[in-house]
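In case you want the letters, here they are:
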Amino acid sequence: MRKRVDLVVLSDLHLGTYGCQAEELLAYLKSIDPGVLILNGDILDCWQFKKGFFPGSHLEVIRQLTRFAARGKAVFYLTGNHDDILRRFSDLHLGQIQLLDQLILQVGGKKVLFFHGDAFDVSIRHARWLAQLGGTTYEWLIRLNRLINALLFRMGRPRVSFSQRIKRSVKKAVRFVSDFEQASVEYGHQQGCQVVVCGHIHQPGMRMVPVANGEREVLYLNSGDWVENLTALEHHEGQWSLYKHEEQAQALKPKAKTPSKSPVNRVREEVFTQLDQVASLQLLLERERQLLAKQGNNSGLSGEY
């Protein structure tokens, strides 16, 4: 039974790279029935794409996404920096699939701006080669991280994220995230929007951000990614929520239960218990008989002397 959701936002899948968690993503896609699906950039990773690497699970993700459109669902593909090669085809319509750079929709009675967010990344605007080098380094870090997490899983220890620790420990990275959020909501406010939905920084989030010198607030939402965080944004019945795949998988994991005994097994156990008690009683009586016989023999021997 698929979970009905009015609107789902996914970003930063990075299909075609070693970091993409395609199997987990497939499990999520097969569990939902979205009314509207928004792919908010970096779906295909054209920067790191390799001809010799595109597993079947990655291809199955694309098939699953197109199946939503085939069932009449509205699918919006918003371009990001890793799939910016598609921007030359912006405003393209393929049936239920629309290719755009950004999108404004009325969601829950509010004007919502959807865009990837790379426009506010200085390294991408002014030093593309540096951003691509960073992307390659990031992919190798993710591959090393997955290897170590596989070892930790076998040892029964929780997974770790190197990049998340680096982002939390480096002040410049923290300031970059904060500046990115502020720039995004300011841009959305200029568009007359009360909600801004981004991706790009691989940092899922939901918070109110003040704009216009603190006179107003804009709801900032980030759908995260499917490389490290495995998150998505969902809107259903007027409420936004952040889906976290690991938490859901842990919640659905069956708990170990003590197997209940059938009536036949209970009767069998009672019979064996009774037999054990009878056997123990017989053994006790046999020991008493042998003891009495021994005492009688000893009495007879003493009388002969």
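See the structure above.
What counts and what doesn't
- Residues numbered from 1 in each chain as written.
- Predicted model: local features only at pLDDT ≥ 70, side-chain atom pairs only at ≥ 80, totals over all residues.
- Heavy atoms only, no water.
- Helix = DSSP H or I, 4+ residues; strand = E, 2+ residues; numbered from the N terminus.
- Buried < 20%, exposed > 50% of the residue type's maximum accessible area, 1.4 Å probe, protein only.
- Contact = heavy atoms within 4.5 Å.
- Phe/Tyr/Trp six-rings, centres within 6.5 Å; stacked < 30°, edge-to-face > 60°.
- Expected span 1.5 Å × (residues − 1).
- Core = buried A, V, L, I, M, F, W, Y, C linked by side-chain atoms within 4.5 Å.
- Pairing = 2+ DSSP bridges.
- Axes fitted to C-alpha atoms, helices over the stretch in contact; angles between N-to-C directions.

### Description of the environment of Leu 26
- Here Leu 26 lies in helix H1 (residues 22-29).
- Taking relative accessible area as the criterion, Leu 26 reaches 10% and is therefore assigned buried.
- The sequence separation of Leu 26 and Gln 64 amounts to 38 residues, and the corresponding C-alpha distance is 7.7 Å.
- With near-sequence residues (within four places) excluded, Leu 26 lies in contact with Ser 57, Glu 60, Val 61 and Gln 64.

### What about the packing of aromatic side chains?
- Under the counting rule described, the total for this entry stands at 6 aromatic pairs.
- The interplanar angle of 65° and the centroid separation of 5.8 Å between the aromatic rings of Phe 120 and Tyr 187 together place this pair among those described as edge-to-face. With a gap of 67 residues between them, Phe 120 in the loop between strand S7 (110-115) and helix H3 (122-126) and Tyr 187 in helix H6 (residues 171-190) connect regions that are remote in the sequence.
- Using a relative accessible area of 23% as the deciding quantity, one classes Tyr 187 as partly exposed.

### Description of helix H2 (residues 56-70)
- Taking 1.5 Å as the rise per residue, H2 with 15 residues should run 21 Å; its terminal C-alpha atoms sit 20 Å apart, in good agreement.
- Every buried residue of H2 is accounted for by Ser 57, His 58, Glu 60, Val 61, Gln 64, Leu 65, Phe 68 and Ala 69.
- Where H2 is buried, its residues touch H1, strand S2 (32-40), strand S3 (74-78) and strand S5 (97-100).
- With its phi angle positive at about 90°, Gly 72 sits one or two positions after the end of H2.

### A word on the nonpolar core
- Leu 10, Tyr 28, Leu 29, Leu 37, Leu 39, Val 61 and Trp 226 are the most contacted members of the largest nonpolar core, which totals 26 residues.
- If one sorts the elements of this core by residue count, H1 sits on top with 5 residues.
- Core analysis: the next-biggest nonpolar cluster, separate from the first, contains 17 residues, Ile 38, Phe 114, Val 195 and Leu 221 among them.

### Observations regarding the sheet that holds strand S9 (residues 205-211)
- The strand order across the open sheet built from 5 strands is S6-S7-S8-S10-S9, with neighbouring strands paired in mixed fashion. Looking at the sheet topology across the chains shown, the edges are occupied by strand S6 (102-107) and S9. When strand polarity is set aside, the average angle formed by the axes of neighbouring strands in this sheet is 25°.
- The pairing of S6 with S7 spans 6 bridges and is classified as antiparallel. Considered in S7, the bridge of Val 107 is made with Lys 110.

### Quick notes on the environment of Leu 25
- By secondary structure assignment, the location of Leu 25 is in helix H1.
- Residues Leu 25 and His 58 lie 33 residues apart in sequence; the distance between their C-alpha atoms is 9.4 Å.
- Apart from residues lying up to four places away in sequence, Leu 25 is in contact with Leu 10, Leu 13, Val 61 and Trp 226.

### Overview of the sheet that holds strand S4 (residues 92-94)
- As summarised here, the arrangement of the 7 strands in space is S4-S5-S3-S2-S1-S11-S12, forming an open sheet in which the pairing is mixed. Edge strands, defined here as strands with exactly one partner in the open sheet, are S4 and strand S12 (239-244). Taking the axes of each pair of neighbouring strands and ignoring which way they run, one obtains an average angle of 25° across the sheet.
- Bridge analysis of S4 against S5 gives 3 bridges, and the strand direction is antiparallel.

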